[in-house]
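Letter by letter, the chains look like this.
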Amino acid sequence: MTTTQVSGNARQLTRFGFVNCYLVREEDGFTLIDTGMLSSTAALIIAEAARLNAPIRRILLTHAHTDHVGSVDALLAKLGSDRTELISNERSLPILRTPPDLSMRPGEAPGKIKGGTPGIRSKPTRLLSEGDKVGSLRCIDTPGHIPGHMSFLDERDGTLYAGDALVAMGELNVSNHAPWFFPFPKFVTWNAEVAVASAEKLLAYPIERFACGHGPVRQGGIPALRQAIAKVKA
Ligand SMILES: [Zn+2]
């Protein structure tokens, strides 16, 4: 696993060169955003938090795909589920269940939930709605890649933790316009139009940099996001 500084407030943890999760520093310790693909990632995340000298207080999920929830159960077993919050949203609950319920809801855009959704045994202890805050992070609903997808804006430094709403392999892209060498997020995106609408919604936020589920942290703020949207609409 490699680790990279995102900003003064967070560290990016990367496994296999393309699966990211993030330790975001708060006054009481770390908020972990996503958990990697394999249960073995848990020990690596905990070791990095220990090296940085702060406890992991909560796990925050962008969405239910396997490469984001892979070590939730292992982490909570090690950290203590009574001492660690697990935070998601209501729409993600059926997708996080084992076995998952992938049915669409009335009023949702068409499409099928794709990609690996193995579910987790742990139950979220807190459910977010649009606009809620978790420490310094503002919750923004960004469905499209999958129903229930959330992004989180650190209002201290303008870092957007975008999960797979945006993909940063090569350059910044909306998830349904991934480059040829990293097409997976595109293949597993539920609804392209909803994904683009979520990216356009993000234009209204004071974003400085993008910390995505895949690829290095990208600077460039709103102009970079405009470019990504222009590519997908071209
Ligand atoms: Zn995904």
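Residues numbered from 1 in each chain as written. Predicted model: local features only at pLDDT ≥ 70, side-chain atom pairs only at ≥ 80, totals over all residues.

1. Considerations on the sheet that holds strand β14 (residues 209-212)
Across the sheet, which stays open at both edges, the six strands sit in the order β8-β9-β10-β11-β14-β15 with mixed pairing between neighbours. The sheet is open, and its two borders are formed by β8 (133-134) and β15 (218-219), each paired with just one other strand. (Pairing = 2+ DSSP bridges. Helix = DSSP H or I, 4+ residues; strand = E, 2+ residues; numbered from the N terminus.)

2. Things to note about the nonpolar core
Core analysis: the largest hydrophobic core is formed by 60 residues, its most contacted members being Y22, L32, L166 and A199. Element by element, the count of residues in this core is highest for helix α3 (residues 72-79), at five residues. (Core = buried A, V, L, I, M, F, W, Y, C linked by C-beta atoms within 7 Å. Buried ≥ 20, exposed ≤ 12 C-beta atoms within 10 Å, placed from the backbone.)

3. A short note on the packing of helix α6 (residues 192-202) against helix α7 (residues 221-233)
Viewed as axis vectors pointing N to C, α6 and α7 meet at an angle of 155°, and their least axial separation amounts to 10 Å. Viewed along their axes, α6 and α7 adopt a mutual orientation that is roughly antiparallel. Every pair of crossing elements has a handedness; the one defined by α6 and α7 is left-handed. Between α6 and α7, the residues in contact are V196, A199, E200 and L202 and L225, A228, I229, V232 and K233, respectively. Tallied by class, residues from the contact of α6 with α7 come to seven nonpolar, no polar and two charged. (Axes fitted to C-alpha atoms, helices over the stretch in contact; angles between N-to-C directions. Parallel < 35°, antiparallel > 145°, perpendicular 65-115°, else oblique. Left-handed = near helix turned anticlockwise from the far one by under 90°. Contact = placed C-beta atoms within 7 Å. Nonpolar A, V, L, I, M, F, W, Y, C, P; charged D, E, K, R; others polar.)

4. What about the environment of I95?
Its place among the elements puts I95 in helix α4 (residues 93-96). By the C-beta count within 10 Å, which is 21 here, I95 ends up buried. Residues I95 and G119 lie 24 residues apart in sequence; the distance between their C-alpha atoms is 6.5 Å.

5. Focus: the environment of E155
Summarising the element assignment, E155 is placed in the loop between β10 (150-154) and β11 (159-163). Classification of E155 as partly exposed rests on a count of 14 C-beta atoms within 10 Å. Separated by 47 residues in sequence, E155 and E108 place their C-alpha atoms 30 Å apart. In contact with E155, not counting residues within four places along its chain, are S136 and R138.

6. Points about the sheet that holds strand β5 (residues 56-60)
Taken in spatial order, the seven strands of this open sheet run β1-β2-β3-β4-β5-β6-β7, and their pairing is mixed. Only two strands of the sheet have a single neighbouring strand rather than two, namely β1 (2-7) and β7 (126-128). Across the sheet, the mean angle from the axis of one strand to that of its neighbour is 25°, orientation sign disregarded. As paired elements, strand β6 (residues 85-89) and β7 share three bridges and run parallel to each other. Counted as the bridge partner of I87 is R126 from β7. Seen against the sheet, helix α1 (residues 41-51) touches β1, β2 (10-15), β3 (19-26), β4 (29-33) and β5 and runs at an angle of roughly 150° to β2.

Keep in mind these values describe shape, not function.
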